[in-house]
Each structure stands twice: as structure tokens, then as C-alpha cells.
Amino acid sequence: MTSSNSKSTNETARKIFKLLLTNPRKTVSWVKAHAGNVGNERAHQLAKDATQHGQPYSLIKLPKPHIKGLLRKRMLEEWQTSWKNSDTGRKIYNIMPSDSLRPTNWIREDVIFFSQHGPFPAYLKRFQLSDSDFCSCGGIGTALIYATECIYTVSWHMRKPAPNFEQEWLKRVANNLVSMHKIRGTIKFMSENTDLFRPPTFQ
């Protein structure tokens, strides 16, 4: 038997030989096939089922780079599915619907603007951190307003998109270095002058 040969190069046989060597009370003996032996008949049936319904298995050793590539592909597929079906981060998803391992080079100000989670009255009102969603300039304080209309951020203004093109506009801004520089300037200025954008209080 191959499993009893200590010089065998078969990996499975080597494992069996080692098991027998460390457990002297265990023995392996030949059993005649189809002779009514319950254990042998069961083993035969399981082997037959495996060849007909089991998953294909190959003993071929694949190169590590190939295996890493397969794992990376699977990981990205699962990541993409999760990103697509998630209930959070939809504003970022609308700009970046496809996942990637390539860095975006976004900084803090970029994330604040595109997620719209920052010093914007509309955002603060939504989470009950402010009593009003209006800016002191008179408009509703959204990220888009500060990038295109607010009188306090005029130094960084960009052309305001039509309502039905807002999403496409955001994608273009995210891929334009000049526009991104304006966004960063706007958010930095707002973060350093939060009181300037709060609506006046009336008593």
C-alpha cells in the first residue's frame, strides 16, 4: 500500500503514514470490495457521490501571485456588492459607484463637501444640531450653495449647475483639480469662520 511506504512522495500517503506512525494501535488492512462490508460499501458510495456531485478539486499547486489575484478579485467583487447595496454613503456612491484600491487623494475638506457632512446649516438642522437650516446670507445652507452662491464664499465660486445636472456636476468637480482647489478653500474658510454662517437670532 502507498500509505505504508515511508518513501512515498504522495502527500496524502505521507500524512496517513505519519498518522499510523504516531498511533501504533491503528492498523490498515485490505478489504475485498463489494463483499458486504458496511464501512467499505459506505466509503464506496461516498466516493461515487463525490465524483458525480462534489466540487471539482485539483492537486495542482498554483503560483502564489495567481492565488493572490483570485483572492483580490473575489474581495473586490464582494466589496462592490456591499457598496452598491449599502444604505449609507449614498452621496459618495453617486460620485464613485465603482470601488477601487487606487487612492482618491481626497483630503478632509473633500470628504466634508462631497458627503455634505460638515459645517452646513442644512446638515446641522437635519441632525438637530441647529434650530435653522438657513445661512446668514439668507439662503438654505447646503454644500452646493456655498460652492456657487453664498456671498461669503464668493472667492471660490463655481458656476451653479441646473437642478437636473447637479449629480453630473459633482462628478466633474471631483475630477477637476481647479474645482477641487476651490472646494478646499471654501470648506477651510467655513471651518475657520463658523459663526459667520449662522443665521441671526431674533429676540
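Please refer to the structure higher up on the page.
Here the structure is a predicted model, which means the values were calculated and not measured.

*Asks:* For this particular structure, what's the right way to read the overall build of the protein chain?
*Replies:* Regarding its fold elements, the protein chain presents 9 helices and 0 strands. Reading the protein chain from its N end, one meets helices and strands in the order α-α-α-α-α-α-α-α-α. The burial tally for the protein chain puts 21% of its 203 residues in the buried class. Considering only contacts in the protein chain between residues 6 or more positions apart, those separated by 24 or more positions represent 40%. Carbon together with sulfur atoms contributes 55% to the accessible area of the protein chain, which is approximately 15800 Å² in total.

*Asks:* It is not clear to me how the environment of Asn40 should be interpreted in this structure. Could you clarify?
*Replies:* Here Asn40 lies in helix α2 (residues 38-53). With residues near it in sequence (within four places) discarded, Asn40 still touches Val31, Lys32, Ala33 and His34.

*Asks:* Help me understand the nonpolar core, please; the structure alone is not making it clear to me.
*Replies:* Note that soluble globular proteins tend to have their nonpolar side chains buried in a common cluster. Phe113, Phe114, Phe120, Tyr146, Trp169 and Ile183 are the most contacted members of the largest nonpolar core, which totals 25 residues. Contributions of two or more residues to this core are made by α4 (90-95), α5 (108-115), α7 (143-148), α8 (166-174) and α9 (177-192). Here the element with the most residues in this core is α7; it accounts for 5 residues. In this view, Ile183 contacts Glu109, Phe113, Ala147, Met158 and Val173; residues no more than four positions away in its chain are not counted.

Criteria and thresholds
- Residues numbered from 1 in each chain as written.
- Predicted model: local features only at pLDDT ≥ 70, side-chain atom pairs only at ≥ 80, totals over all residues.
- Heavy atoms only, no water.
- Helix = DSSP H or I, 4+ residues; strand = E, 2+ residues; numbered from the N terminus.
- Buried < 20%, exposed > 50% of the residue type's maximum accessible area, 1.4 Å probe, protein only.
- Contact = heavy atoms within 4.5 Å.
- Areas by Shrake-Rupley, 256 points an atom, 1.4 Å probe, with all protein chains shown as cover.
- Core = buried A, V, L, I, M, F, W, Y, C linked by side-chain atoms within 4.5 Å.

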